[in-house]
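Structural features, examined
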Amino acid sequence: TATKSITVTVTDVDDISITSVDFDVVENKTEVGTLTADKTIASWSLGGADAGLFELNGDKLNFKSAPDFESRGSAAGTNVYALDITVTGSNSATATKSITVTVTDVDDISIYSDSFTVKENTTEVGTLTADNAVESWSLGGADAELFKLDENNLVFLSAPDFESRGSAAGTNVY
């Protein structure tokens, strides 16, 4: 038999760590946040149960489609999305971290006013109402320039004449 002493030397590897934390985002937006690490980054990748719902643009994490709080779209059927984030550093070191993206609710406003019937030669149309407090109202559409808003009251700028059919469609429906 022979015996020989050998030496094993452990060298330092320049490890990389993911410094990103869990994200809380409001519904109806695609932007989630910026992923961060403690070293120079070569690339990011996604894994985990909900990875298919997200995309990366460099270090920017985004939903592919804006989430709706009321529709609970995660794999677990909640508003908490599970991801495994993997980073590869410029020195080829890798690290993986599990994070969550939690979607929070925004008070959606439902507008109750959807149609009015008015007599010709008057400017007053009606009062716009909603289920929550409204900070401001705005008008849009082909006939918007024919109206104004006085707070939440819809008013013709000039009184319509039934025989003149003044809508953009050439009717009396605006």
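Structure shown above.
Attention here is on the structure that accompanies the text. (Residues numbered from 1 in each chain as written. Predicted model: local features only at pLDDT ≥ 70, side-chain atom pairs only at ≥ 80, totals over all residues. Heavy atoms only, no water.)

1. Remarks on the sheet that holds strand β8 (residues 124–127)
Strand order in this open sheet of 3 strands is β8-β10-β9, and the pairing throughout is antiparallel. Single-partner strands in this sheet number two, and they are β8 and β9 (147–150). Shown here is a sheet whose adjacent strand axes are inclined to one another by a mean of 25 degrees, direction ignored. Pairing of β9 with strand β10 (residues 153–156) involves 4 bridges; the strand directions are antiparallel. Residue pairing across strands places Asp150 opposite Asn153, the latter belonging to β10. (Pairing = 2+ DSSP bridges. Helix = DSSP H or I, 4+ residues; strand = E, 2+ residues; numbered from the N terminus. Axes fitted to C-alpha atoms, helices over the stretch in contact; angles between N-to-C directions.)

2. Quick look at the pattern of salt bridges
Across all of its chains, the model carries 1 salt bridge by this definition. Across the pair Lys60 and Asp59 runs a salt bridge whose closest N-O atoms are separated by 3.8 Å. (Salt bridge = Lys/Arg side-chain N within 4 Å of Asp/Glu carboxyl O.)

3. Concerning the pairing of strand β5 (residues 60–63)
Alignment of strand β2 (residues 31–34) against β5, held across 3 bridges, turns out to be antiparallel. The residue bridging Thr34 from the neighbouring strand is Lys60, located in β5. Sheet topology places strand β4 (residues 54–57) next to β5; 4 bridges connect them, and they run antiparallel. Within the sheet, the bridge partner assigned to Leu56 lies in β5 and is Leu61. Linking two consecutive strands that pair antiparallel, namely β4 and β5, is a turn of 2 residues; a positive phi of about 65 degrees is found at Gly58 within it.

4. A word on the sheet that holds strand β1 (residues 23–26)
Across the sheet, which stays open at both edges, the 4 strands sit in the order β1-β7-β6-β3 with mixed pairing between neighbours. Each edge of the open sheet is held by one strand with a lone partner, namely β1 and β3 (41–47). On average, adjacent strands in this sheet sit at an angle of 30 degrees to one another, irrespective of strand direction. Summarising the sheet, strand β6 (residues 80–89) and strand β7 (residues 94–104) pair through 9 bridges and their orientation is antiparallel. Across the sheet, residue Asp84 finds its bridge partner in β7, namely Ser98.

5. A short note on the packing of aromatic side chains
Enumeration over the complete set of coordinates arrives at 6 aromatic pairs. Aromatic pair Phe54 and Tyr81: ring centres 5.9 Å apart, planes at 80 degrees, arrangement edge-to-face. Here Phe54 is found in strand β4, whereas its partner Tyr81 is found in strand β6, with 27 residues between them in sequence. Assigned by exposure class, Phe54 and Tyr81 land together as buried. (Phe/Tyr/Trp six-rings, centres within 6.5 Å; stacked < 30°, edge-to-face > 60°. Buried < 20%, exposed > 50% of the residue type's maximum accessible area, 1.4 Å probe, protein only.)

6. With respect to the nonpolar core
Formed by 21 residues in total, the largest nonpolar core has its most connected members in Val32, Phe54, Leu61, Phe63, Leu83 and Val101. Listing elements by their share of this core, those giving two or more residues are β1, β5, β6 and β7. The residues touching Leu83, leaving out its near neighbours within four places in the chain, are Gly47, Asp50, Ala51, Phe54, Leu61, Lys97, Ser98, Ile99 and Val101. (Core = buried A, V, L, I, M, F, W, Y, C linked by side-chain atoms within 4.5 Å. Contact = heavy atoms within 4.5 Å.)

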